[in-house]
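So you can see what is in the structure, the chains are spelled out below.
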Amino acid sequence: MKKVFLIIEREYLSRVKKKSFLILTFLVPSLFIAMYAAVFFIYKSEGESKKEFLVLDESGLFKNEFKNSETTTFKYADGDYASNKSKIKNEKDLLLLYIPKDYASSNDIEILSAKKPGFSLLNDVEKQMENIIENKKLIAAGIDTAVLKNSKTQININAKQLTDEGEKDSNIGATYVVGFISSFLIYLSLFIYGAQVMRGVIEEKTNRIVEVIVSSVKPFQLMLGKILGIGAVGLTQFLLWIILSSTISIAAGKFLTPDQQTVTTEKVDTKASTTNTNPNKTQESPAIKFINAANTINFPYIIGSFLFYFIGGYLIYSALFAAVGSAVDNETETQQFMFPITLPLIFTFIVGMNVIINNPDGPLAFWLSMIPLTSPIAMMIRIPFGVPAWELILSIVLLIAGFVFTTWIASRIYRVGILMYGKKVTYKELAKWFFYKE
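Residues numbered from 1 in each chain as written. Predicted model: local features only at pLDDT ≥ 70, side-chain atom pairs only at ≥ 80, totals over all residues. Heavy atoms only, no water.

## Some details on the overall build of the chain
Link 1 in the chain: Broken down by element type, the chain carries 16 helices and six strands.
Link 2 in the chain: Residue pairs in contact within the chain that sit at least 24 positions apart in sequence constitute 70% of those at least 6 positions apart.
Link 3 in the chain: As displayed, the chain offers around 26600 Å² of accessible surface, 62% of which is attributable to carbon and sulfur atoms. (Helix = DSSP H or I, 4+ residues; strand = E, 2+ residues; numbered from the N terminus. Contact = heavy atoms within 4.5 Å. Areas by Shrake-Rupley, 256 points an atom, 1.4 Å probe, with all protein chains shown as cover.)

Put into structure tokens, the structure is as follows:
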């Protein structure tokens, strides 16, 4: 066992001391945060340039009906089509909205401009025109549009979960996001760190370093030490990311919210109160909504489950990746063996995002949570929604058993493969290696 720990130490220190570890751990997340902050700042500071529309309405239906906004103003033009068209030829922020007399039958409404208009600008004009036509049709039918507008009510449903301790807030949106992010991180990390194990095995094999190492340690000890060493590197990175993201979240929470954790809101006026079922209801800022949603998530439970399923999934898949690495002489030969290994991950992630996340307690979700090759992703989708304790315990036990079984299979291939050179390996050959005696 001492030799295994020495190999773990060698693998861990050799990777942690590399500049790439520091870059991936600190610089890359910081760059992503800086990038999103820059995009948000640019969006707020730049926004959309102000556009002015000349409205040439031959139908007369839209006269004085368009409403100006912060980025768009409407002026009604006189004259014919040709004269107005010449006005906007060299104007960047001036556009001509032409509405022919027979627009309803010809569907030939045009926006002319020196440069192509943005999608949101075009969409806003279309929405305004649709609303104008709809209101005029309602008036023609004798329907009061004000009454119809006041009858529209926005309903916000607060989901609550009944537990033994009583009612518990359950934000579905936050649960969905946490399930997606945690499962995606598991999916991505198993590929990244599993590939690192495979490349490490191939590198030592092609450099003939492994021949020196196996003279003093058993192949199984070498494989286990390499798997655990790289796994420790991955675990260190995740812990540092959790600490970094928690620090940023706390700092952002203090920056975005007032000292008393409340926001000043305005009551709805008497005229508008008829459109709201609760006239005294206050409007929360996005920052407060985000913090309230985050408070409904049991983060210690989520993080603990995430770390366990990351470790369990990594141990299973890295053993298989190590076996593949030992069977080939270079990375190009790994493709025939990679797809069958990664297929359960890809299948579970696709099914999880389309089926499990919408029915976390269904039979498919249950069985995918029990199979060791699929449970790391399936369980991380389900856990934020709530999983019975007996299912979680059974999944953990089966994952541990799956790791032991998978490692035993991989080690029997690994012990032969690391000393095999210059031979094109097939699945039939791998089966022979498995049954070789010690």
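## What about the side chain of S305?
Link 1 in the chain: Looking at where S305 falls in the secondary structure, it is placed in helix α11 (residues 299–327).
Link 2 in the chain: Of note is the side chain of S305, whose polar atom sits 2.9 Å from the backbone oxygen of Y301. (Polar contact = N/O pair within 3.5 Å; in protein donor to acceptor, adjacent residues only side chain to side chain.)

## What about unusual backbone geometry?
Link 1 in the chain: Residue N64 is not a glycine yet carries a positive backbone phi of 60°.
Link 2 in the chain: Following the sequence through the fold, N64 ends up in the loop between β1 (51–57) and β2 (72–76).
Link 3 in the chain: The exposure class assigned to N64 is exposed, which follows from its relative accessible area of 58%. (Buried < 20%, exposed > 50% of the residue type's maximum accessible area, 1.4 Å probe, protein only.)

## Some thoughts on the environment of V16
Link 1 in the chain: For V16, the position within the fold is in helix α1 (residues 2–16).
Link 2 in the chain: Residue V16 is classed as partly exposed on the basis of its relative accessible area of 22%.
Link 3 in the chain: In the structure, V16 is positioned 220 residues away from T236 in sequence and 9.1 Å away in space, judged by C-alpha atoms.
Link 4 in the chain: In this view, V16 contacts F21 and V233; residues no more than four positions away in its chain are not counted.

## Some words on the side chain of S189
Link 1 in the chain: When you line up the elements, S189 lands in helix α7 (residues 172–206).
Link 2 in the chain: On the basis of relative accessible area, S189 is assigned to the buried category, the value being 3%.
Link 3 in the chain: A distance of 2.8 Å separates the side chain of S189 from the backbone oxygen of L185, its partner in a polar contact.
Link 4 in the chain: When near neighbours in sequence (up to four residues on either side) are disregarded, S189 contacts G194, F238 and F310.

## Side note on the sheet that holds strand β3 (residues 94–99)
Link 1 in the chain: Strand order in the open sheet formed by four strands is β2-β1-β3-β4, with mixed pairing between adjacent strands. Each end of this open sheet is capped by a strand with a single partner; those strands are β2 and β4 (110–113). In this sheet, adjacent strand axes meet at a mean angle of 25° when their direction is disregarded.
Link 2 in the chain: Relative to β4, β3 is paired through four bridges, and the arrangement is antiparallel. By the bridge assignment for β4, L96 is matched with L112. (Pairing = 2+ DSSP bridges. Axes fitted to C-alpha atoms, helices over the stretch in contact; angles between N-to-C directions.)

## Some thoughts on the UniProt feature "transmembrane region" (unreviewed entry) in the chain
Link 1 in the chain: Residues annotated in UniProt with the feature "transmembrane region" (unreviewed entry) correspond here to residues 21–43, 174–197, 299–317, 337–357, 364–383 and 389–410.
Link 2 in the chain: A helix fraction of 100% and a strand fraction of 0% characterise residues 174–197, whose end C-alpha atoms lie 34 Å from each other.
Link 3 in the chain: The distance separating the terminal C-alpha atoms of residues 299–317 is 26 Å; by composition the span is 100% helix and 0% strand. (UniProt positions renumbered as here; feature names shortened; annotations may be inferred.)

## Some points on the pattern of salt bridges
Link 1 in the chain: In this structure the tally under the stated criterion is six salt bridges.
Link 2 in the chain: Residue E52 pairs with K75 through a salt bridge whose shortest N-O separation is 3.3 Å. Remark: K75 occurs in strand β2 and E52 occurs in strand β1; sequence separation between them is 23 residues.
Link 3 in the chain: Classification of K75 by relative accessible area gives partly exposed; the value is 47%.
Link 4 in the chain: In this structure, the salt-bridge partner of K136 is E65, at a minimum N-O distance of 3.4 Å. One end of the pair, K136, is in helix α5 (residues 119–140); the other, E65, is in the loop between β1 and β2, and 71 residues separate them in sequence.
Link 5 in the chain: Relative accessible area serves as the criterion here: at 32%, E65 is assigned to the partly exposed category.
Link 6 in the chain: Look at the salt bridges and you will find they share partners, linking D361, R382 and E391 into a network. (Salt bridge = Lys/Arg side-chain N within 4 Å of Asp/Glu carboxyl O.)

## A look at the packing of α7 against helix α12 (residues 335–356)
Link 1 in the chain: Contact geometry of α7 with α12 gives a least axis separation of 10 Å together with a crossing angle of 170°. Classified by the angle their axes make, α7 and α12 are roughly antiparallel. Seen from α7, the contacting residues are F180, S183, F184, Y187, L190, F191 and M198; seen from α12, they are M338, T342, L345, I346, F349 and M353.
Link 2 in the chain: Among the residues forming the contact of α7 with α12, the class breakdown is eleven nonpolar, two polar and no charged. (Parallel < 35°, antiparallel > 145°, perpendicular 65-115°, else oblique. Nonpolar A, V, L, I, M, F, W, Y, C, P; charged D, E, K, R; others polar.)

## As for a nonpolar patch on the surface
Link 1 in the chain: Taken together, the side chains of Y176, V177, F180, I181, F184, L185, L188 and I192 make up a nonpolar region of the molecular surface, amounting to roughly 640 Å² of accessible area.
Link 2 in the chain: Structurally, I181 can be placed in helix α7. (Patch = residues over 30% accessible without salt bridge, like charges linked within 9 Å, V, L, I, M, F, W, Y side chains within 5 Å.)

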